[in-house]
Each structure stands twice: as C-alpha cells, then as structure tokens.
Amino acid sequence: MSQHGQHGQHSQHGQLLPAVAPAVTAEIVGALSPRLRKRLDAAITKIADRPVTRDGDTVRIAVDDETGLELHAPAGVVATADAIRCGCLLAPGCLHRAAIASAAPVADPVAGPLPDADAGASSPGEDAGSPEPPRAEESEATPEQRAAAAQLWAAGAAVLDTGIEGAGAVLQSELLRAAHSAKLGGLPRPAAAAVSVVTALRSARSADPAHRLADLTAAVRELLGTAHRLPEATGSELAALRGTARQTYVPDGSLRLYGLFTEPLITAGGYAGAITWTAAAGGRLYTVSDIAPGGPGRATAAAGRTVRLGDTALTHRQLSHAGLALSGATVSPTGRLGAGAGSKAVQAAGAAWTDDPVAALWDPPAAAQAARALHSEAPGADLLFLDVTILGPARETGGDYLLAVCDDLTLRLTAAHDHPALAYRDNLRMLAALPGTRLRVVGRLVPDSRPTLQLLAAAHPADPARRVDLGLDRLQRADLPSAPPPPTAQVPTGRGADPAPLHLLRRRLEQAVAAGRPFLAVPGSLSADAGQLRRSALPTAADLLAELQRTATRRARDPFGRLLPADPTDFARAWLGAALYAETAETSLCAEAWQPDR
C-alpha cells in the first residue's frame, strides 16, 4: 500500500519515541478544535521529520528553532496528558502535542509496553487475549461493557467506511478512546484489538515494510467480532471475549531444555526483538523473548543479547544451539519462561536436530502436524517440523514462493517477513537455486487452501548437522553445494489451480479495509467473482459477497426523497459475516489440503 506513504505517521524516528497510553492520545486529540483536527495528519507528517533526543525518561523534539516538545515517560510510557509539554503559544491546546502523541507507538492498554518483572521481555498485546475460566458474577455483560462494545463497534465500522486513506489520526483517536473505555469496563481483549487496528493503520499509512494488509484485515475482524458478540454473550463465551489483563506465570519445577532456533520479530506497532524456541524431552516447546519498542536494528541486535534467565551468560543465538537446565522455572500459558528471582538456569549441552530428544519433533506426519496447528492451543502448536525436498521457485500474484515436496504434498514455502533488514527473503532465493536438495526445516503454518508454510529455520544445505536461523543468518553462495542433485519432481509453473477460490472473497474483504466501503459500491463490480464462487460450489460465499455489495450501495431517503449517507453499521455487519465465514472455510480447506491423498 505504498500510495499511503505520504502520511508518514510512523516514521523511523517514531522508534525513538516512548509509547503513549491510548487515553492520552484520545484526550489530546479530542481537545482540538474542528479546524485543527483537519490539519492534524499534515502536522504528523511534518513533525515526523524533526530531530529527537532522549535524556533518561524525557524525550525532546525540536519543532522549530524556537519551539520544543517534551515527553516525560517513566518506564517508557507517557501515562498522562500533562506529561506531553509544548513551548508554543497555543499550548496546551496546540497541534504539536496532538501530532506527537499520534506519531508515537501506542502503549498496551492493559499491561503497558514493557515486560513485567517476572515475565522477561514480552510481545505487546499478547497477554490481553488469553481467556480465563468464567467467573460467577459474569453471567452477562454489564451496561458499561455493552456501552464500550458499542463504542468499539462504531469505531471499527468507521474504519471500513473510510478505508486506510480516511482512517487518519482523528479516527484513530476514536479507536483509542474506545480502547480506553473497554479497559475501564474490564474488557482487555477488545481493548487490545482496538489498539492493534490503530497500530496496523499507522503502519499502512506510512508504507512501513512491516505492514501486511492481511494483518490489518485480521485485526479489524477481531475488533468487530468481539464487539458484536460481547453484548449478548454469557458465561464462558463472555469470559473468552472479555479476555484477561495479564498472563499468570505458574511454577513448572525443573526443566531440561534444548535450543531449536531464534526468530527475529518486527511488529507493525513499533516493537522488535527476538524469540528463542526451545524444547523439552517430551516435545513441549518453551520460549525466551526480548521484545521492546524499536525497529529492525533492534530485532537483529536482540539475538545477540544475553537471555534473561538466572545467571546464564548465553545469548539468544547461543541458546538456539545449546541447552539449559532450569530449576524453579515459571511458565506462562503461551510457553514463555519467566525471569523471576526464583528461577535458576545453567548452560547445558544442546542436541542436533537429528539427535534425540529433539529429532522426535520431526516424527509425526505433515498432516498430523497441520491438524495440530489448526486446532491446538498448546505453545508453538502452529510450528511444523518437516523434512522437505526442494523443487524450485515459483511466482504468483501474492508474491514469490519456494516449492518443495513433503509426504507426497507440494508445499509453498514463503518468507516469514519481507523486511529487507531480515534475511528471510534473500535466503529463500538462495534455497530456490538448489532443486533436489533435501532439508530439515521448521516453519509456521499459513491457513490456506494449498499447503503453505512460512520458513523460520533450516538445516544448512551443505552440512545437515548445522542449522540456519533464516531471519538472521545469511546463506553465502560459496557455502552451498556446488552441484546439487537433479530435482525429484517437475516444478509447477504459473498460479496453479485453486481447488476452492476463496481468495476471491478474501480479496474483496481486504479491499474494503484498504479502500473503504465506496470501493465496493460500484454496481456489478463483484458479480463476476460471485459467479465464479457459485460455479465452484461455494454458494454461501457468493451470497455473502452479493450482500457485501448490496450494503455498500444501499442508501435510504429522507422524507423529501433525498439520499441519506450509507449506513456504515449495515456494511460492517455484512463484512463481518463474510470475514467470519472466510476464516472458518479457510481453516477447513487448509486441513483438507494437508491430507496426502489430495
């Protein structure tokens, strides 16, 4: 979405800014006059180019030669509106304060952007989505929760009505205000969903390489889905929709862990770092992470930092090849190891991927691993451990792929992240030049009607005893086999037949998010897609697509016969129904695609 790059909302210097609490941004933007609100997006672009300096908890921005901004951020978070100060004559109601608050990363509305003392570094927003057992007093949503859900729904519907281009700082502040209301109402999961939409919108509007339209679409679906169901939910469904504010770390005794690989992470919300995956003898996966505000440079640097476990001096990269012996371990529901004072850790011997007990991860068939990834909530359940034979490169509308064979399945192997600072894309091209090479790999399942995997790590093509973290290590041509064996199968060309063209529906859902409701309001523009869906025995998908266009074009008239504006709520409801259907259908088709008899 490079056409949105002129907004510049999330510039590189935004990585130096402290995170700002959602309520702070909403308060400052809400206090602007209507005239200043119209100028806010342009002000964000202008201030994004100004120099930033940091002095302890204070960050300073030179607006011009005579005016400066100060952000006071204890523990890295701007928690109150008066912590943002401006030296101009119009302060505190000036445009500068609103612009810098809107340009800065959004603090986690529930747990804050920085890790708690026991958890080690964490991924932003992850804690907020974990459901907990229903409580007796939560038989139904409270009036405050219903009001918060309505506010979230209205803000999410407005995003679909305008698309990325129209979802500027003012609309984002409404989402942040709704997130704050949800937090106060005891709804951490919907609050986190609203913040996820804001951070993804900022990434899209600034042409951030970390932006993916599919991620923004998923964030909007999560926001609207929770807001729509919550008012009528009861019992365990309400508890799941509400979420929990923070993960609970529970004792896990003594652990003997073996390093697997290190994964760099860059989020659209201005966070970066590294996650190192380890395995216990029984196959359970555990992680150690170092995630904090920052950009691509932090993602690669974090891999060289010492892990925060006991007194060990291992870096993340070293741990991925070594082992750990822990006592007094604490673990979150997502498998993250705690870094509390009671945890003791010492370095131990690692294990090659071909040696016990690690080698057992590659024993289950690909179909069984895919089924686990789709249906299990266990830590790392979405990771697949496969032995593949490389076929060669292929190009599709959605990008370049590496084709491989596993268990009589033809797999599409993709880069886990497209940012040029990470090595994924370059390594994928290097591997594509080795048809016929057999590799042991680790990847993350991509729900799709064709078997697709994001490659994370692989055995080295020239030495199976070595392993390559594909986001961090860069394969060198001189290190690769000089004469790879001939391919074992014919490399397919072109796009290939999609057995169930749900991509037609998915594409229209993403277009609605990108360009807004008016893009789908052109009469007859979706009829060809609807017809192809019907011919492919997907009548429900066709009906949902037709309803999406009807609601995009439907406009009532006032008593004088004049057309009224389109109802964004009506369109959002149709969009959500189609999005939930697509998600469920894709999960079902993905499970079927991984069956070897296809």
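Along each chain, residues carry numbers from 1 onward, in the same order as the chain's sequence is written. Only residues with pLDDT of 70 or above have their local features reported here, since the model is predicted, and side-chain atom pairs are shown and tallied only from 80 upward, although totals for entire chains, interfaces and linings are computed over all residues. As a convention, hydrogens and water are excluded, and side-chain values are obtained from all of the structure's heavy atoms.

## A word on the overall build of the chain
Secondary structure summary: the chain contains 17 helices and 17 strands in total. In the chain, buried positions account for 54% of the 598 residues. Note on definitions: a residue-residue contact is assigned when non-hydrogen atoms from the two residues lie within 4.5 Å. Long-range contacts, defined here as pairs at least 24 residues apart, represent 68% of the contacts in the chain between residues at least 6 apart. Helix and strand labels come from DSSP, where a helix needs a run of H or I of at least four residues and a strand needs a run of E of at least two; each type is numbered from the N terminus. Each residue's exposure class comes from its accessible area (1.4 Å probe, protein chains only) as a fraction of the maximum for that residue type: buried when under 20%, exposed when over 50%, partly exposed otherwise.

## What to know about the side chain of D469
Looking at the element boundaries, D469 is found in strand 17 (residues 463–469). Look at D469 and you get buried, because its relative accessible area is 0%. Sequence-distant contacts of D469, defined by excluding residues within four places in its chain, comprise F261, T262, R317, S320, H321, L456 and A457.

## Considering unusual backbone geometry
A91 connects to P92 through a cis peptide bond whose omega is 10 degrees. Within the fold, P92 resides in the loop between strand 6 (84–86) and helix 4 (95–103). At A207, a residue that is not glycine, the phi angle is positive and equals roughly 55 degrees. Mapped onto the fold, A207 is located in the loop between helix 7 (188–205) and helix 8 (213–229). Note on A207: relative accessible area 35%, which makes it partly exposed.

## Brief notes about the environment of A233
With respect to the helices, strands and loops of the structure, A233 is situated in the loop between helix 8 and helix 9 (235–242). Taking C-alpha positions, A233 is 7.0 Å from A141, a pair spaced 92 residues apart along the chain. Those residues in contact with A233 that sit more than four places away from it in its chain are S139, E140, A141, L238 and L241.

## Looking at the sheet that holds strand 7 (residues 250–266)
At least two bridges found by DSSP between two strands is the condition for calling them paired. Reading across from one edge, 9-8-7-10-11 is the order of the 5 strands in this open sheet, with antiparallel pairing throughout. Each having just a single partner strand, strand 9 (285–293) and strand 11 (344–348) make up the two edges of the open sheet. Averaged over all neighbouring strand pairs, the angle between strand axes comes to 35 degrees, with direction disregarded. Two strands pair when backbone bridges link them, and strand 7 and strand 10 (residues 323–331) are joined in this way by 7 bridges, in the antiparallel orientation. Paired with V250 across the bridge in strand 10 is V331. Helix axes are fitted to C-alpha atoms over the stretch in contact, other axes to C-alpha atoms as well, and angles between N-to-C directions run from 0 to 180 degrees.

## So, the packing of helix 8 against helix 14 (residues 503–515)
Relative orientation of the contacting elements helix 8 and helix 14 amounts to 90 degrees, with a least axis distance of 9 Å. Comparing the axis directions of helix 8 and helix 14 gives the class roughly perpendicular. Packed against helix 8, whose contacting residues are L213, A214, L216, T217 and V220, the element helix 14 presents E510, V513 and A514 at the interface. Partitioning the contact of helix 8 with helix 14 into residue classes produces 6 nonpolar, 1 polar and 1 charged. For this classification, under 35 degrees means roughly parallel, over 145 means roughly antiparallel, 65 to 115 means roughly perpendicular, and everything else is oblique. Under the grouping applied here, Gly and all other residues not named as nonpolar or charged are polar, the nonpolar ones being Ala, Val, Leu, Ile, Met, Phe, Trp, Tyr, Cys and Pro and the charged ones Asp, Glu, Lys and Arg.

## Regarding the packing of aromatic side chains
Aromatic rings considered in pairs are described by the distance between their centres and by the relative angle of their planes. Pairing of aromatic side chains here covers Phe, Tyr and the six-membered ring of Trp, requires ring centres within 6.5 Å, and sorts the geometry by plane angle: under 30 degrees stacked, over 60 edge-to-face, intermediate tilted. Counting across every chain of the model gives 3 aromatic pairs. When the centroid spacing of 5.1 Å and the interplanar angle of 35 degrees are considered together, the rings of W353 and W362 count as tilted. With relative accessibility at 5%, the residue W353 sits in the buried group. Here W362 falls in the buried class, since its relative accessible area comes to 6%. On the basis of an interplanar angle of 75 degrees and a centroid distance of 5.1 Å, the ring pair of W362 and F385 is categorised as edge-to-face. On the criterion of sequence distance, the pair formed by W362 in the loop between strand 11 and helix 12 (366–375) and F385 in strand 12 (residues 383–396) is long-range, its members being 23 residues apart. Here W362 matches F385 in class, with each residue buried. Joined through ring pairs, the aromatic side chains of W353, W362 and F385 make up one cluster. Lysine and arginine charges are scored as sitting over a ring when NZ or CZ, respectively, is within 6 Å of the ring centre and within 35 degrees of the ring normal. Here R412 stacks its cationic end above the ring of Y401, 4.7 Å away from the centre of that ring.

## Thoughts on the packing of helix 5 (residues 143–166) against helix 6 (residues 169–184)
Look at helix 5 against helix 6: their axes get within 9 Å of each other, and the N-to-C directions meet at 160 degrees. With respect to helix 6, the axis of helix 5 lies roughly antiparallel. Viewed along their axes, helix 5 and helix 6 form a crossing whose handedness is left-handed. Every residue of helix 6 that contacts helix 5 at A148, Q151, L152, A155, G156, A158, V159, T162 and G166 is listed here: L171, E174, L175, R177, A178, A179, S181 and A182. Class assignment for the residues of the contact of helix 5 with helix 6 results in 10 nonpolar, 5 polar and 2 charged. By the definition used in this description, the sense in which the near helix is turned from the far one sets the handedness, with an anticlockwise turn below a right angle giving left-handed and a clockwise turn giving right-handed.

## Some points on the nonpolar core
In a soluble, globular protein the nonpolar side chains are often hidden away together inside. Core analysis: the biggest nonpolar cluster contains 68 residues, and V197, L216, V220 and W575 have the highest contact counts within it. With 10 residues, helix 17 (residues 568–593) is the largest single contributor of residues to this core. In this structure, L216 is in contact with I164, V197, A200, L201, H211 and V513, ignoring residues within four places of it in sequence. Remark: nonpolar core denotes a set of buried residues (Ala, Val, Leu, Ile, Met, Phe, Trp, Tyr, Cys) joined through side-chain atoms within 4.5 Å. Counting 61 residues, the second-largest nonpolar core is a separate cluster that includes A370, A404, L470 and W594.

## Describing the environment of A325
Assignment of secondary structure puts A325 in strand 10. For A325 and Q347, which are 22 residues apart along the polypeptide, the C-alpha to C-alpha distance reads 6.4 Å. Those residues in contact with A325 that sit more than four places away from it in its chain are L255, K344, A345, V346 and A348.

## Examining the pairing of strand 15 (residues 438–445)
Along a regular strand, successive side chains alternate from one face of the sheet to the other. Within strand 15, 7 of the 8 residues are buried, which leaves it mostly tucked inside the rest of the structure. Note that strand 12 and strand 15 share 7 bridges and pair antiparallel. Bridge pairing in strand 15 places V388 opposite L439. Inspection of the sheet shows strand 15 paired to strand 16 (residues 452–460) by 5 bridges, in the antiparallel sense. The residue bridging L445 from the neighbouring strand is L453, located in strand 16. Between strand 15 and strand 16, which pair antiparallel and follow one another directly, the connecting turn spans 6 residues.

## Section: the confidence of the model for the chain
For every residue, the pLDDT score states the predictor's confidence, bounded by 0 at the bottom and 100 at the top. A residue-level look at the chain finds 88% of positions with pLDDT of 70 or above and a mean pLDDT of 86. Segment residues 1–14 is flagged for pLDDT under 50; beyond a separation of four residues in sequence, or across chains, it makes 50 contacts in the model. Here residues 488–497 is modelled with pLDDT under 50, and outside its nearest four sequence neighbours on either side it reaches 19 contacts, counting other chains as well.

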